2 protein chains.
Amino acid sequence: MNNHDEALTFELKHICRQSGARYGVVTTPHGSFETPVFMPVGTRATVKTMSNEELISIGTKIILGNTYHLYMRPGTEIMDLAGGLHAFMNWDRPILTDSGGFQVFSLAKLNDIKEEGVAFQSHIDGSRHFLTPEKSIAIQESLGSDIMMQLDECTPWPAEESYVKQSLERTTRWLERCIDVWKDRKKQALFGIVQGGTFEHLRIQSVKEITSFELPGYAIGGLSVGEPADLMYAMIESIMPFMPADKPRYLMGVGSPDYLVECSVRGVDMFDCVFPTRMGRNGTALTSQGRVVIRNAIHARSFLPLDPQCDCYVCTHYTRAYLHHLIRCGEILGLRLMSWHNLYFLIDLMRKIRDAICRDRLLSFREEFFNAYKIVNDK
Amino acid sequence: MNNHDEALTFELKHICRQSGARYGVVTTPHGSFETPVFMPVGTRATVKTMSNEELISIGTKIILGNTYHLYMRPGTEIMDLAGGLHAFMNWDRPILTDSGGFQVFSLAKLNDIKEEGVAFQSHIDGSRHFLTPEKSIAIQESLGSDIMMQLDECTPWPAEESYVKQSLERTTRWLERCIDVWKDRKKQALFGIVQGGTFEHLRIQSVKEITSFELPGYAIGGLSVGEPADLMYAMIESIMPFMPADKPRYLMGVGSPDYLVECSVRGVDMFDCVFPTRMGRNGTALTSQGRVVIRNAIHARSFLPLDPQCDCYVCTHYTRAYLHHLIRCGEILGLRLMSWHNLYFLIDLMRKIRDAICRDRLLSFREEFFNAYKIVNDK
């Protein structure tokens, strides 16, 4: 499994006897991380509000960069001059980059999808661009990420079966084209992406197609896009038997505490989401009891920490009354402290999940977690 | 000079033989700081974008809090429950609070000044308030600052002589009322404020009136409000012979690098200003060569630090190209890093000024400084 000719190796260290969940270690050219892992999102070469030192202090081992945003600004010319995203943002740990496709479909003013690729207009200045599988890989090579993602189409929910089928088959063809132009396999890994919407047979078709290519890892895309949680869990369960056991499995765009627990139980190894930082900036904290909306007037006179169970910097240094004041005033320190706590909460949750896996008690942990944690439309 | 019955003591340690500038040490219930000192402004219980740890790491020894803002939000009830501003914001070093008057005159929707005090409407919710000298002290007692300022009227520039005279005389009467209600002199110091606009004889009248009260320190208000720099320097020079040598002298609201150097030369000991953080958030860096407008396109491809002469965290970790990108994107990390550098630059400048005073070479330092530093309407 430790193939030193490859950018990425995955060591499956333990399978939880209670749940079947996996504990592993992924090694990249910029260091290792344990799985299951949560990857904070650094959309525009910064995890919003946070410094690198703060990310490291809370145990962040890998971050995600957004290819679409970085392609728009600062662009590949400056990324090349800087020597890649690691150097540009002075982050020396692993980076995963998405393909840019998701943002082209969700952010661009107009987009026109063809077999060749996607024509789109920048959401910033309306400039016209054409993203192809080859171009996505070229941009990600300029970024120099440790893990690149193939260009895929994330189909919306709900969607017509015929469209989802057509789209997943194109995603497979696009993977083939990404692999064809993928150059330095010692420096950058490439993950394929399973699509198929919420149609079990299409998911199975996709996972078979995608995993027919020997790749360093495989992702599950097109979930957590509005479908009921049970449907998401069912889709994951349906494809898991076909996902190679010796490769990391990355569920894209998922990051609420309940999803992290449930999907770890189902054998997922990697997660990312803007959820914790976005929630934080909106004045909501994730805690062991569920969400705390710090904006609410009830917290103005509360001199408790956000989460009495939490030992993060924020909870050990500041009160709810102070955070309420900062958020009400729109002070940047408030946005920072809320983001900091929420990221810590998720990274600490993943530590607890890994610990429970290694101790063969992830189902017991899940029960304990949900006994305390109230779900309030937590997505 | 070390009167342990008083909240504040000032030890004048050295007078620069070249310039007459002063090096001293101020001791308060929350610790000591060397003078001349620059005090970062923490308007709403936070120095904008910065954490306490970052402030401490760059050598911040005292910060300023704004009474008006803290009175509006969170208000004295919560400040009392929190146990004061130090506890509320978890800052255990000295804090100076202004009287609230400046903001009432500049921010409130309407204000009506009378001998008794100022009636005003909150800039946030339009609620009606009445600020008197006694009320200002009561609020500052609730905040628990180490140094309180008297309520004064900062007259605008230009202003009629008769009005300035009337106003400074009222400021003197207000000082008397502040002193009358000033309770715990072991816990909180009180500074009087010299006004008088840009009329030399009125400045001298004011400094004589204000210093006729035995107080722990004296401030110079009503300068840097739009008048030419030379006029400000002339006003400071005219009153300096009347300022007690054994008390700290605080020039309010001044913080551009050129002013800090020139006013230290003229015997000022304490400064504060929102200038460095506001400039930083607007994308402008203070450097040894003058201002660097990092927003400008020329920096997009510059992999130099903001200031090659600077050894701050920002200059040793990040390039202009990265800061340009963050500021152009409106990323909070950009606002943080620019504020951080600018605060460091001023605090480091004060270190150099103190060093030059102690080595009897502040005029030589001034010449070296201005040989490199370009002034571009630096206010």
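Values in this document were obtained by computation on a predicted structure and should not be read as measured data.

Conventions and cut-offs
- Residues numbered from 1 in each chain as written.
- Chains lettered and ligands numbered in written order.
- Predicted model: local features only at pLDDT ≥ 70, side-chain atom pairs only at ≥ 80, totals over all residues.
- Heavy atoms only, no water.
- Helix = DSSP H or I, 4+ residues; strand = E, 2+ residues; numbered from the N terminus.
- Rg over C-alpha atoms; globule rule 2.2 N^0.38 Å.
- Buried < 20%, exposed > 50% of the residue type's maximum accessible area, 1.4 Å probe, protein only.
- Contact = heavy atoms within 4.5 Å.
- Buried area = accessible area lost by both parts, 1.4 Å probe.
- Salt bridge = Lys/Arg side-chain N within 4 Å of Asp/Glu carboxyl O.
- Expected span 1.5 Å × (residues − 1).
- Pairing = 2+ DSSP bridges.
- Axes fitted to C-alpha atoms, helices over the stretch in contact; angles between N-to-C directions.
- Parallel < 35°, antiparallel > 145°, perpendicular 65-115°, else oblique.
- Left-handed = near helix turned anticlockwise from the far one by under 90°.
- Nonpolar A, V, L, I, M, F, W, Y, C, P; charged D, E, K, R; others polar.
- Least-squares fit on C-alpha atoms with pLDDT ≥ 70 in both.
- Phe/Tyr/Trp six-rings, centres within 6.5 Å; stacked < 30°, edge-to-face > 60°.
- Right-handed = clockwise from strand over helix to strand, strands pointing away.

Caption draft 1: The overall build of chain A, seen in detail. Scanning chain A for helices and strands turns up 15 helices and 16 strands. Relative to its length of 379 residues, chain A is compact, with a C-alpha radius of gyration of 20 Å against a globular reference of 21 Å. Counting across all 379 residues of chain A, residues that qualify as buried make up 63%. In chain A, once contacts between residues fewer than 6 apart in sequence are set aside, the share between residues at least 24 apart is 66%.

Caption draft 2: Representation of the interface of chain A and chain B. Each partner contributes residues to the interface: chain A has 37 residues there, and chain B has 37 residues. Across the chain A/chain B interface, buried area totals approximately 3300 Å², and carbon plus sulfur atoms make up 56% of it. At the boundary of chain A and chain B, one finds eight salt bridges. For A:Glu54, the salt bridge goes to B:Arg336, with nearest N and O atoms at 2.9 Å. Counting only elements with at least two residues in the side of chain A that touches chain B, the list comes to helix 1 (52-57), helix 3 (76-82), helix 4 (85-89), helix 12 (313-317), helix 13 (320-329) and helix 14 (332-358) of chain A.

Caption draft 3: The environment of A:Gly253, seen in detail. Residues and elements named next belong to chain A. Tracing the sequence through the fold places Gly253 in the loop between strand 13 (249-251) and helix 10 (257-265). Here the alpha-carbon distance between Gly253 and Ala297, two residues 44 residues apart in the chain, equals 32 Å. With residues up to four places along the chain from it excluded, the contact list for Gly253 reads Ser224, Asp272 and Cys273.

Caption draft 4: Main features of helix 14 of chain A. All names here are of chain A. In this model helix 14 runs 39 Å from its N-terminal to its C-terminal C-alpha over 27 residues, within 8% of the 39 Å that 1.5 Å per residue would give. Counting buried residues in helix 14 gives 23 out of 27 residues, a clear majority hidden from the surface. Residue Asp360 follows helix 14 closely and has a positive phi angle near 55°.

Caption draft 5: Inspection of the sheet that holds strand 3 (residues 31-35) of chain A at higher detail. Residues and elements named next belong to chain A. Taken together, three strands build an open sheet; the order of strands is 1-2-3 and the sheet is antiparallel. Pairing within the sheet leaves two strands with one partner each, and these edge strands are strand 1 (9-15) and strand 3. Neighbour-to-neighbour, the strand axes of this sheet turn through a mean angle of 15°, independent of strand direction. Across six bridges, strand 1 lies against strand 2 (residues 22-28) in antiparallel orientation. Paired with Glu11 across the two strands is Val25, which belongs to strand 2.

Caption draft 6: Structural context of the sheet that holds strand 1 (residues 9-15) of chain B. All names here are of chain B. The strand order across the open sheet formed by three strands is 1-2-3, and the pairing between neighbours is antiparallel. Looking at the sheet topology across the chains shown, the edges are occupied by strand 1 and strand 3 (31-35). Neighbour to neighbour, the strand axes of the sheet diverge by 15° on average, direction disregarded. Packed on one face of the sheet, helix 14 (residues 332-358) meets strand 1, strand 2 (22-28) and strand 3 and runs near 120° to strand 2.

Caption draft 7: The packing of helix 10 (residues 257-265) of chain B against helix 14 of chain B, seen in detail. Residue and element names in this part refer to chain B. Interaxial distance between helix 10 and helix 14 falls to 11 Å at its minimum, and their mutual angle equals 20°. The orientation of helix 10 with respect to helix 14, classified from their angle, is roughly parallel. For helix 10 against helix 14, the interelement crossing comes out right-handed. Side by side, helix 10 and helix 14 meet where Pro257, Leu260, Val261 and Ser264 of the first sit next to Phe345, Leu346, Leu349, Met350 and Ile353 of the second. In terms of residue class, the contact of helix 10 with helix 14 is built from eight nonpolar, one polar and no charged.

Caption draft 8: Representation of the relation of the copies chain A and chain B in the model. Of the transformation placing chain A onto chain B, the axial shift is 0.0 Å and the rotation is 180°, giving an RMSD of 0.0 Å. Put plainly, the chains are arranged around a two-fold axis. The rotation axis passes nearest to the C-alpha of A:Ile332 in chain A, at a distance of 3.7 Å. Both copies share a contact surface, since 100% of the interface residues of chain A are interface residues in chain B too.

Caption draft 9: Main features of the packing of aromatic side chains. Across all of its chains, the model carries 18 aromatic pairs over all chains by this definition. Ring centres 5.1 Å apart and planes at 85° place the aromatic pair A:Phe88 and B:Tyr322 in the edge-to-face group. Here A:Phe88 is found in helix 4, whereas its partner B:Tyr322 is found in helix 13 (residues 320-329) on a different chain. As far as burial versus exposure is concerned, A:Phe88 and B:Tyr322 are alike and both buried.

Caption draft 10: Examining the pairing of strand 12 (residues 217-220) of chain A more closely. Residues and elements named next belong to chain A. Along strand 12, one buried face is formed by Gly217 and Ala219 and the opposite face, lined by Tyr218 and Ile220, is buried too. Two strands pair when backbone bridges link them, and strand 11 (residues 189-194) and strand 12 are joined in this way by four bridges, in the parallel orientation. Bridge assignment links Val194 to a residue of strand 12, and that residue is Ile220. Between the parallel elements strand 11 and strand 12, the chain passes through helix 8 (residues 200-211) in a crossover that is right-handed. Bridge analysis of strand 12 against strand 13 gives three bridges, and the strand direction is parallel. Opposite Ala219, over in strand 13, you have Tyr250 as the bridge partner. Taking the sense of rotation as the criterion, the β-α-β connection linking strand 12, helix 9 (residues 229-239) and strand 13 turns out right-handed.

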